[in-house]
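Listed below are the residues making up each chain.
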Amino acid sequence: MDAQPQIAPQDLLREHGVQVTAQRLAVLRAVSQHPHGTADDVADAVRHEIGAISRQGVYDALGVLVDKGLLRRIQPAGSPARFEHRVGDNHHHVVCRVCGGTDDVDCAVGAAPCLDAADTHGYEIDEAEVIFWGRCPGCREPAGGT
Ligand SMILES: [Zn+2]
Ligand SMILES: [Zn+2]
Ligand SMILES: [Zn+2]
């Protein structure tokens, strides 16, 4: 893990042109503490920290933070959207088919698109969405089982 320079969250928001509010700060903190959480996970964590916040308030804050590049939104097939604060490195994810567990996988290239399309059909390609699917250690069948 790279040690990231510690920038105060409120400065981070200002740097990205986001008005600082207690809700946005709490949402940002909740996502950094619960990477790959759903909006509901984030709402639970935020309520725990600052008390009442409407579901819509959480969605709005997440939307702004994603728009401004402070958070990344991923949505594996069949899963609700998940949010994380690790942005800008084009990392990928491995998702467990059984429990939905999600982990980060570094991108060998590090910048999007990290795969070349055989035929772009004239499109200007800016991203290749890569998700690895499988079963996590907890969901794999015990070795030697039938
Ligand atoms: Zn699993
Ligand atoms: Zn991730
Ligand atoms: Zn890649």
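Residues numbered from 1 in each chain as written. Chains lettered and ligands numbered in written order. Predicted model: local features only at pLDDT ≥ 70, side-chain atom pairs only at ≥ 80, totals over all residues. Heavy atoms only, no water.

1. Some words on the coordination of the zinc ion (ligand 1)
Logical step 1: Looking at the metal site, the zinc ion (ligand 1) is ligated by C96 (SG), C99 (SG), C136 (SG) and C139 (SG), spaced 2.3 Å from it.
Logical step 2: Around the zinc ion (ligand 1), the 4 donor atoms sit at angles spanning 102 to 114°, and that spread fits a shape best called tetrahedral.
Logical step 3: For the zinc ion (ligand 1), the single-chain donor residues occur in sequence as C-x2-C-x36-C-x2-C. Here C96, found in strand β4 (residues 92-96), pairs with C136, found in the segment after β6 (131-134); they are 40 residues apart in sequence, far enough to count as distant.
Logical step 4: The exposure class assigned to C136 is partly exposed, which follows from its relative accessible area of 22%. (Donors = N, O, S within 2.8 Å, 3.2 Å for Na, K, Ca; no water. Tetrahedral: all angles 85-135°; square planar, octahedral: opposite > 155°, others 65-115°. Helix = DSSP H or I, 4+ residues; strand = E, 2+ residues; numbered from the N terminus. Buried < 20%, exposed > 50% of the residue type's maximum accessible area, 1.4 Å probe, protein only.)

2. Considerations on the pattern of salt bridges
Logical step 1: Enumeration according to the criterion identifies 9 salt bridges in this entry.
Logical step 2: Ionic pairing is found between D11 and R14, a salt bridge with its closest N-O pair at 3.2 Å. One end of the pair is D11 and the other is R14, both in helix α1 (residues 9-15) and 3 residues apart, which spans about a single turn.
Logical step 3: Judged by its relative accessible area of 35%, D11 is partly exposed. (Salt bridge = Lys/Arg side-chain N within 4 Å of Asp/Glu carboxyl O.)

3. Re the nonpolar core
For soluble globular proteins, nonpolar side chains are generally found buried alongside one another.
Logical step 1: Counting residues in hydrophobic clusters, the biggest one holds 22 residues, and the most contacted among them are L13, V27, V31, V42, V46, L62 and L65.
Logical step 2: Counting only elements with at least two residues in this core, the list comes to α2 (22-33), α3 (39-50) and α4 (55-67).
Logical step 3: With 6 residues, the top contributor of residues to this core is α2.
Logical step 4: Those residues in contact with V42 that sit more than four places away from it in its chain are V27, A30, V31, V58 and L62. (Core = buried A, V, L, I, M, F, W, Y, C linked by side-chain atoms within 4.5 Å. Contact = heavy atoms within 4.5 Å.)

4. Quick word on the domain arrangement of the chain
Logical step 1: Under the domain assignment used here, the chain contains domain 1 (9-76) and domain 2 (88-136).
Logical step 2: Computed from C-alpha atoms alone, the centre-to-centre distance between domain 1 and domain 2 is 23 Å.
Logical step 3: Tallying the contact residues gives 4 residues for domain 1 and 10 residues for domain 2.
Logical step 4: In total, about 540 Å² of surface goes out of reach between domain 1 and domain 2, with carbon and sulfur atoms giving 59% of it. (Domains from an automatic or database assignment. Buried area = accessible area lost by both parts, 1.4 Å probe.)

5. Examining the sheet that holds β6
Logical step 1: If you trace the 3 strands from one edge of the open sheet to the other, you get β5-β4-β6, paired in mixed fashion. Looking at which strands have only one partner, the edges of the open sheet turn out to be β5 (102-105) and β6. Neighbour-to-neighbour, the strand axes of the sheet open up by a mean angle of 25°, direction not taken into account.
Logical step 2: When β4 meets β5, the two strands line up antiparallel, connected through 4 bridges. In the sheet register, H93 faces β5, and the bridge partner there is D104. (Pairing = 2+ DSSP bridges. Axes fitted to C-alpha atoms, helices over the stretch in contact; angles between N-to-C directions.)

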